[in-house]
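Close look at the chain arrangement
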Amino acid sequence: MFTTGSKFLIGASVVALLATVIYGVGQDGVLGTVGLASATIGLICLTVLNFILGDSNVFADDEAPVETTAAAQYAPTGSVWPLGFAFGAVVVAVGLVSYQPIVVIGLVALIATGAEWTVQAWAERASRDGVHNAAVRSRLSNSLEYPIGATIAAGIIIYAFSRVMLWLSKTNTVVAFAVLAAVVLAVGFIIANRPSLKTGAIGGVMTVGVIAVVAAGAVTGVDGERDIPEFETTSIWQEEAILHPEEYAEGAAEGKHPAELICESPEEFPEADEKASETVANKSGTYQVLLNESGTLDFDVPGPKEAGAVGMVIPRSNATNVIFRNNSDEDRRLSLDLGTQTVEIEEGGETEEVEARHQICTTLIEPGGAQLLTVKAGEPSFAYDGEENPNGPDGADGFWFFVPGVESATLEVIVP
Amino acid sequence: MSPDIEPANHDRTRRRDSDTATSVESVISNLSRARAAKYAAIVGAGALVAGCAENAPQDTFQPDGTNAQKIDDLARPVFYIAGLVGVIVLGVVAWVVFRYRDRGQPIPEQTHGKPALEIALTILPALILIGVAIPTVGTIMALNETDDTECVVNVTGQQWWWEFDYPVQDGCMPGGITEPIVTSGQMVIPADTNVLIRGTSRDVIHSFWIPRLNGKRDMVPGRVHNLRMQANEPGIYAGQCAEFCGLSHANMRMEVVALTDDGFAEWVENQLADYTSPEEDTLAAEGEASFIANCSRCHQVDGLEDDTGNPIVARPDLQVYSGAAPNLTNLMTRNTFAGATWDLLRDECRDDVWDADSDVFTDRYLEGVSGDCLNEVDLREWLRNSPAKKPMYADPENLEETDGLYRGMPYLALSEDQIDQLLAYLLERK
């Protein structure tokens, strides 16, 4: 015989199932179907759980079970979960009329508090012993509450700390991190050496520390991140000059940038040439090209160079990292001329193919500075045999590194 | 104390309930011992048989180079010491397990702490580790010595083959190398010469390993890694990519071929020789046309020209993900193809080269692949449908992730006539 509760759950499951099928067949919305299917699965699970536990199988006309069943004996304790559930419902309602992310937060609150409420209600029907009921609840809930709670707490702390780090200057982040690490070490040392310290005292210190980090994160998060500059790259300037020559010439005429191609210019371009040396991250296991004080280019590789090398040999079609080191007295850039390339230019709805120099270059590097240049040549050098490279020595063909403004600074790149 | 709880362990005793139970356990015990002895015999025999392999070209315990010898000189003593320690430990454990097995006796009194023993058992392993560390550090530093380099070869790994290019240099041989040389699958070096590999990768991390000549070295995209290759005597030394690199990692092999100085000079001269077109109106000439039509987009043959006399420059970067395909200019001077996975020589001809004594090896290798020795079966199968022969990401309908570029050689739908022509043409690439 089915109880009222069982009938309700069975009915709700059937209705949800029908709704899923009807919506899924009649509509294209995948999201709605998934939601209804989830609700159906949840209701079916509750129905099955209800049958297995049988807690609701108490009938008004069955006097003996009413007197002896656990469900008839308990005295429910106060619970915060209904309050949280209501709060979640309000948040969902507010989110529906404002911002979608708020709906998600409300739904999360609804699901979490609803689950806790359900478990607590179920546990309180376990026996007449409140302590035992609490243990039953804990056994089920704590296995989820602790890891999820710890994850959320750790996430909040990490997020707050990251806000502080992004708010501080680059130099101060190092100092702050070192100080924090020292504090953690000192606290750990004290705790380890004073085992008689009360748990409450340790907990208090931890709580104060966490509150301080979260509060600092909230304040700095509101204030915003430090100014992180973004620079134009040299390739963007190069493409702009080739793809939009008229606009590029206009910009040069207005004094916004030099008129030459950036890779052929010894002058500074807006933004592209600022603080380039700070971007060198890969500092080992790469080729190096050195601009000497005498105005010549030399190269180096990890390990010994081949004796009698006539140029720098790099594999074809391979992203080869080259560090440019400016050992001269002036700001200089390193450029590589890889022959020609065919570029498609769109103008007035029509596409035109034009031949342009295939060049890449560093930004302008200060004396003593360095920058990484990633070189990739799809064609071999011999594809340009007999074809003079305007940026190499007189009459030379092939590929050449060169330094705009320093005529003697050339270095052949051989791609076999 | 609760009356339900048993008394302390050291007071607890256990006795057999009856003679019947003892006899059953005895039978089971005897059966278990017999089974254990049988399994031990099988495992022991297997280990013994495995150690008897004669054809083991990638055996790291047969060093043929200076660096491989250094590794061997370090590894063997360490192995012997570790083996001795292992045998002692296992022996003691086995003796303790057997001697103090549960026979129903009272559990002896439990004690805690034995400072002298604990200190000794800490210091002894530390001393052993220090003893191992000193020669290990020395060997590591010696293996990274490159100042005495006599020859440089650039090595580039990609899915699933190795490319070797020889930069212009004064080293490697008297007179040096005057033009760049590009080859694949087999790296040819002069014997008894300190060759430096300058390695990198075009796509994913690979690892270069010729066990009989040196240890392994990862080849990481965007970085350059050095590794010494030196072979004491002329011969062929097999290797294998040692870092999992995708679908055909197991098929990414390579060999180092060490030749005499004169032999190496002859090999270089041949690699730099001018291209010779096949004679007109021959099957090979038809093969040249077929090669230009079907293969030259990816595979470079130096000196090959189109109808207008312009050199044909392959652009594998427009076709394959790694941006490279093997240079086939002198294909038939090698013994292997497709990532050194298959032999270009038939078995008997292959054995003549691989098993040759060092004093005749160079001449045998430089003979290259003749028509009589060509392993047509595998080469035909490769040309007929390479993705069916070697697992590769070469399905034209599944190239979204690589922007339409193949990884490995695609299916070219060549006719049998075209394959005949290509075989005739390739056979002349010596």
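What you see is a predicted model; the values in this text were computed from it and never measured. (Residues numbered from 1 in each chain as written. Chains lettered and ligands numbered in written order. Predicted model: local features only at pLDDT ≥ 70, side-chain atom pairs only at ≥ 80, totals over all residues. Heavy atoms only, no water.)

Turning our attention to the overall build of chain A. On a plain count of helices and strands, chain A comes out with ten helices and nine strands. Taken over C-alpha atoms, the radius of gyration comes to 36 Å for chain A, far larger than the 22 Å a tight globule of 416 residues would show. Along the three orthogonal principal directions, the C-alpha set of chain A runs to about 110 × 70 × 45 Å. Across the 416 residues in chain A, those meeting the buried criterion constitute 31%. For chain A, the share of sequence-separated contacts (at least 6 apart) that also reach a separation of at least 24 residues comes to 61%. (Helix = DSSP H or I, 4+ residues; strand = E, 2+ residues; numbered from the N terminus. Rg over C-alpha atoms; globule rule 2.2 N^0.38 Å. Buried < 20%, exposed > 50% of the residue type's maximum accessible area, 1.4 Å probe, protein only. Contact = heavy atoms within 4.5 Å.)

Before going further, it helps to examine unusual backbone geometry. With an omega of -5 degrees, the peptide bond between Gln159(B) and Trp160(B) qualifies as cis. In this structure, Trp160(B) sits in the loop between strand 1 (151-158) and strand 2 (161-166). Even without a glycine there, the phi angle at Ser317(A) is positive, about 55 degrees. Mapped onto the elements, Ser317(A) comes out in the loop between strand 3 (312-313) and strand 4 (320-326).

Take the state of the cysteines next. All names here are of chain A. Applying the stated rule across the entire model yields three disulfides over all chains. Note that Cys 263 is cross-linked by a disulfide to Cys 361, the S-S spacing being 2.1 Å. Across the S-S bond of Cys 263 and Cys 361 the torsion is about -80 degrees, and the bridge reads as left-handed. Here Cys 361 lies in strand 6 (residues 350-361) and Cys 263 lies in the loop between helix 10 (245-253) and strand 1 (287-291), a separation of 98 residues in the sequence. (Disulfide = S-S within 2.5 Å.)

Right, let's get into the packing of aromatic side chains. Per the counting criterion, the structure on display carries 16 aromatic pairs over all chains. Where Phe85(A) meets Trp117(A), the ring centres are 5.7 Å apart and the plane angle is 65 degrees; that geometry is what we call edge-to-face. Of the two residues, Phe85(A) is situated in helix 4 (residues 81-96) and Trp117(A) in helix 5 (residues 100-123); the sequence distance between them amounts to 32 residues. The partly exposed category is assigned to Phe85(A), whose relative accessible area is 32%. Assessed through its relative accessible area of 37%, Trp117(A) is described here as partly exposed. Through successive ring pairs, a cluster of aromatic residues spans Trp162(B), Phe164(B) and Phe208(B). Above the plane of the ring of Trp354(B) lies Arg350(B), whose end atom (NZ or CZ) is 4.1 Å from the centre. (Phe/Tyr/Trp six-rings, centres within 6.5 Å; stacked < 30°, edge-to-face > 60°. Lys NZ or Arg CZ within 6 Å of the ring centre and 35° of its normal.)

A few words on the interface of chain B and chain A. Across the boundary between the two partners, chain B contributes 31 residues, which contact 29 residues of chain A. For the pair chain B and chain A, the two sides together bury roughly 2300 Å², of which 54% comes from carbon and sulfur. Between chain B and chain A we count two salt bridges in total. Of all the secondary-structure elements, those providing two or more residues to the side of chain B that touches chain A are strand 1 and strand 5 (195-201) of chain B. No other element matches the four residues that strand 5 of chain B contributes to the side of chain B that touches chain A. Counted by class, the side of chain B that touches chain A contains ten nonpolar, 13 polar and eight charged residues. (Buried area = accessible area lost by both parts, 1.4 Å probe. Salt bridge = Lys/Arg side-chain N within 4 Å of Asp/Glu carboxyl O. Nonpolar A, V, L, I, M, F, W, Y, C, P; charged D, E, K, R; others polar.)

For the rest of this paragraph, the subject is the confidence of the model for chain A. Chain-level pLDDT for chain A is 87 on average; 92% of the residues reach the 70-or-more range. Confidence, expressed as mean pLDDT per element, reaches its minimum in chain A at helix 3 (residues 63-68) of chain A with 58 and its maximum at strand 8 (residues 399-403) of chain A with 97. (pLDDT = per-residue confidence, 0-100.)

Our next topic: the sheet that holds strand 2 of chain B. Residue and element names in this part refer to chain B. Across the sheet, which stays open at both edges, the five strands sit in the order 3-2-1-5-8 with mixed pairing between neighbours. In the strand order of this sheet, the two ends are held by strand 3 (181-184) and strand 8 (225-229), each with one partner. Here the strands of the sheet are splayed against their neighbours by 25 degrees on average, with no regard to which way each runs. As judged from the four bridges shared by strand 2 and strand 3, these two strands associate in the antiparallel manner. Each residue of the ladder has a partner; that of Asp 165, found in strand 3, is Val 182. Along the sheet, helix 4 (residues 261-271) contacts strand 2 and strand 3; its crossing angle with strand 3, the most-contacted strand, is approximately 100 degrees. (Pairing = 2+ DSSP bridges. Axes fitted to C-alpha atoms, helices over the stretch in contact; angles between N-to-C directions.)

Next up on the list: a negative patch on the surface. Residues and elements named next belong to chain B. Taken together, the side chains of Glu 150, Asp 192, Asp 261, Asp 262, Glu 266, Glu 269, Asp 347, Asp 351, Asp 352, Asp 355, Asp 363 and Glu 367 make up a negatively charged region of the molecular surface. Those elements that place two or more of their residues in the negative patch are helix 4 and helix 6 (347-354). It is helix 4 that provides the largest number of residues to the negative patch, a total of four residues. (Patch = residues over 30% accessible without salt bridge, like charges linked within 9 Å, V, L, I, M, F, W, Y side chains within 5 Å. Areas by Shrake-Rupley, 256 points an atom, 1.4 Å probe, with all protein chains shown as cover. Lys, Arg positive; Asp, Glu negative; His and termini not counted. Charge placed at Lys NZ, Arg CZ, Asp CG, Glu CD.)

Moving on, we come to the nonpolar core. Counting residues in each nonpolar core, the largest one holds 76 residues, and the members touching the most others are Tyr166(B), Met187(B), Phe208(B) and Met229(B). Excluding its chain neighbours within four sequence positions, the residues that come into contact with Tyr166(B) are Val153(B), Ile177(B), Glu179(B), Pro180(B), Ile181(B), Thr183(B), Met187(B), Val188(B), Phe264(B) and Trp267(B). Within the second largest apolar cluster, 28 residues are counted, among which are Ala276(A), Leu291(A), Val375(A) and Val413(A). (Core = buried A, V, L, I, M, F, W, Y, C linked by side-chain atoms within 4.5 Å.)

Time to look at a nonpolar patch on the surface. Residue and element names in this part refer to chain A. On the surface, a cluster of nonpolar side chains totalling about 690 Å² of accessible area is made up of Ile 44, Leu 46, Val 48, Leu 49, Ile 52, Leu 53, Trp 122 and Leu 140. For the nonpolar patch, the leading source of residues is helix 2 (residues 30-53), giving six residues. When its relative accessible area of 42% is taken as the criterion, Leu 140 is described as partly exposed.

Residues and elements named next belong to chain A. In contact at an axis separation of 8 Å, helix 5 and helix 6 (residues 130-167) are set at 155 degrees when each is read in the N-to-C sense. By the angle between their axes, helix 5 is roughly antiparallel relative to helix 6. The chirality of how helix 5 crosses helix 6 is right-handed. Contacts between helix 5 and helix 6 pair Glu 116, Val 119, Gln 120, Trp 122 and Ala 123 from the former with Asn 133, Val 136, Arg 137, Leu 140, Ser 141 and Glu 145 from the latter. (Parallel < 35°, antiparallel > 145°, perpendicular 65-115°, else oblique. Left-handed = near helix turned anticlockwise from the far one by under 90°.)

Before going further, it helps to spend a moment on the pairing of strand 5 (residues 335-347) of chain A. All names here are of chain A. Pairing between strand 5 and strand 6: eleven bridges, direction antiparallel. Looking at the pairing, Leu 336 lines up with Ile 360 of strand 6. What sits between the antiparallel neighbours strand 5 and strand 6 is a turn of two residues, in which Gly 348 has the positive phi angle 60 degrees. Of the strand pairs in this sheet, strand 5 and strand 8 are connected by three bridges, and their pairing is antiparallel. Each residue of the ladder has a partner; that of Ser 335, found in strand 8, is Phe 402.

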